[in-house]
Amino acid sequence: MSKRPISDYNEFQKIIGQAQNIVALTGAGVSAESGIPVFRGAGGLWRTHRATDLATPTAFKANPALVWEFYHYRREVAFSCQPNNAHKALAKYEKLCKEQGRQFWVITQNVDGLHKRAGSENILELHGCLEKVICTKCRHIDVNRESPICEALRGRGDPAKADETLPIIPLNELPKCSKCKGLVRPYIVWFGENLDPDVLDKSRDLVETCDLCLVIGTSSVVYPAAMFAPMVAERGKPVAEFNLNEDPFDDGFCFHFSGPCGTTLPKALG
Ligand code: BJW
Ligand code: ZN
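Residues numbered from 1 in each chain as written. Chains lettered and ligands numbered in written order. Predicted model: local features only at pLDDT ≥ 70, side-chain atom pairs only at ≥ 80, totals over all residues. Heavy atoms only, no water.

Caption draft 1: Structural detail: the environment of Ala268. Mapped onto the elements, Ala268 comes out in helix H10 (residues 261–269). Along the primary structure Ala268 and Ile16 are separated by 252 residues, whereas in three dimensions their C-alpha atoms are 9.2 Å apart. The contacts of Ala268, once residues within four sequence positions are left out, are Tyr9, Phe12, Gln13 and Phe242. (Helix = DSSP H or I, 4+ residues; strand = E, 2+ residues; numbered from the N terminus. Contact = heavy atoms within 4.5 Å.)

Shown next, in the form of structure tokens:
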């Protein structure tokens, strides 16, 4: 029978101090204190749409203008937000590990780029990133941080200023490929789409070899990311969860620190 996870910072610090290969799996909760809404629960709506309903290839096929408005808004928010104390604590701990010859990786489900901007270097972005686009025709990938990404999207997408009477943006005015002028879409892994195999393989390797896993600000409902921390616990290695929720996701985890991770994580990582 497994014990309930504990919330003992001293005990956690003993474990992390000895760990040689550490993986931190992050989700939307890590960026919540930067002002980026989470997906599920309060904040998970964009206008009247559930964010998770717009993050699908079917939604893009049916209404590319609507999905682009959503992602244009998300890009503008992410580009204007700053990394918070949780992102910074992870970046600082990675640096410490490098100095001590230990390995520290962030595997993130987030697409906001805030880990990188906080100074983390060992990052795997499981679900893509907002600053890239991919052509629907020739598959060319571009980094594009233009604001707005195209003229037709200027001033669109902000739910606070939603004007539902505005005409739908015509297809030929949506963002285009720099190579073939085809329609581009956000470089984001949507539901039902495969993750980048290189990113997935590297993530699995890390999950299968780490001796400590931190799981931070994720509801752990989206696969394959949702199985990573349980895989570590199955191997008998410690997992430490940091979440606003009081209740641990899995009783097989060793530690559970409830509260905003902008506070709990810096305290735990010292
Ligand atoms: C705080 C906090 C604070 C708040 N401090 N904490 C069975 C097995 C395998 C796969 C499947 C399966 N059944 C279905 C599937 C397919 C599907 C899936 O998993 N569906 C589930 C919903 C069941 N998976 C896929 O389609 C994936 N592809 C795939 O598996 O390919 C093969 C395949 C295809 C089809 C069938 C079977 C196999 C692709 C998944 C792509 C996910 N994409 C999204 C959108 C794109 C990103 C974007 O636009 O930004 O990624 S969905 C959305 O959810 C987003 C997130 O990255 C992801 C995870 O959400 P996250 O990060 O956990 O956020 P929330 O909001 O859910 O939770 C926030 C948490 O933070 C909460 O717990 C709060 O309490 C906490 N919190 N503030 C600490 N301050
Ligand atoms: Zn193209």
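Structure's up, so let's keep going.
Caption draft 2: The coordination of the zinc ion (ligand 2), seen in detail. The protein atoms that coordinate the zinc ion (ligand 2) are Cys135 (SG), Cys138 (SG), Cys177 (SG) and Cys180 (SG), at distances of 2.2 to 2.4 Å. Around the zinc ion (ligand 2), the four donor atoms are arranged such that angles at the metal cover 97 to 115 degrees; this shape is classified as tetrahedral. The sequence motif formed by the donor residues of the zinc ion (ligand 2) is C-x2-C-x38-C-x2-C. Linking Cys138 in the loop between strand S6 (128–135) and strand S7 (141–143) with Cys177 in the loop between S7 and strand S8 (184–188), this pair joins segments that are 39 residues apart in sequence. (Donors = N, O, S within 2.8 Å, 3.2 Å for Na, K, Ca; no water. Tetrahedral: all angles 85-135°; square planar, octahedral: opposite > 155°, others 65-115°.)

Caption draft 3: View of the site of ligand 1. Neighbouring ligand 1 are 34 residues, the closest being Arg40, Tyr71, Arg74, Gly192 and Ser219. Within the side chain of Glu33, an N or O atom sits 2.8 Å from a nitrogen atom of ligand 1. A distance of 3.2 Å separates an oxygen atom of ligand 1 from a polar backbone atom of Gly217. Burial of ligand 1 by the surrounding chains reaches 77%, relative to a free accessible area of 1400 Å². (Near = heavy atom within 4 Å. Polar contact = N/O pair within 3.5 Å; in protein donor to acceptor, adjacent residues only side chain to side chain. Areas by Shrake-Rupley, 256 points an atom, 1.4 Å probe, with all protein chains shown as cover.)

Caption draft 4: Broad picture of the pairing of S8. Counted residue by residue, S8 has four buried out of five residues, so it is predominantly covered. In terms of strand pairing, S6 meets S8 through four bridges, oriented antiparallel. The residue bridging Ile134 from the neighbouring strand is Arg185, located in S8. (Buried < 20%, exposed > 50% of the residue type's maximum accessible area, 1.4 Å probe, protein only. Pairing = 2+ DSSP bridges.)

Caption draft 5: The arrangement of the nonpolar core in detail. In this structure, Val67, Trp68, Tyr71 and Trp190 are the most contacted members of the largest nonpolar core, which totals 31 residues. At the level of elements, helix H3 (51–54), helix H4 (57–62), helix H5 (64–80), S6 and S8 are the ones that each hand at least two residues to this core. A total of nine residues in this core trace back to one element, the largest contributor, which is H5. Ignoring any residue separated from it by four or fewer positions in sequence, one finds Val67 in contact with Leu54, Ala59, Phe60 and Trp190. In this structure, Tyr9, Ala89, Leu90 and Leu212 belong to the second largest nonpolar core, which totals 25 residues. (Core = buried A, V, L, I, M, F, W, Y, C linked by side-chain atoms within 4.5 Å.)

Caption draft 6: Looking closely at helix H6 (residues 85–99). The end-to-end C-alpha distance of H6, which contains 15 residues, comes to 21 Å, matching closely the 21 Å that a straight helix rising 1.5 Å per residue would cover. Where H6 begins, one side-chain oxygen reaches toward the backbone nitrogen of Ala86, 2.7 Å away; that side chain belongs to Asn84. Directly beyond the C-terminal end of H6, a positive phi value near 70 degrees is found at Gly101. (Expected span 1.5 Å × (residues − 1).)

Caption draft 7: Examining the environment of Gln13 more closely. One can find Gln13 in helix H1 (residues 9–18). Relative accessible area serves as the criterion here: at 31%, Gln13 is assigned to the partly exposed category. Here the alpha-carbon distance between Gln13 and Lys267, two residues 254 residues apart in the chain, equals 9.7 Å. Contact partners of Gln13, with chain neighbours within four places excluded, come to Lys267, Ala268 and Gly270.

Caption draft 8: Region of the structure containing the pairing of S6. For S6, the tally of buried residues reaches seven of eight residues, placing the bulk of the element in the interior. Looking at chain direction, S6 and S7 are connected through three bridges and run antiparallel. Looking at the pairing, Val133 lines up with Asp142 of S7. The antiparallel hairpin formed by S6 and S7 contains five residues in its connecting segment, where Arg139 sits at a positive phi of about 65 degrees.

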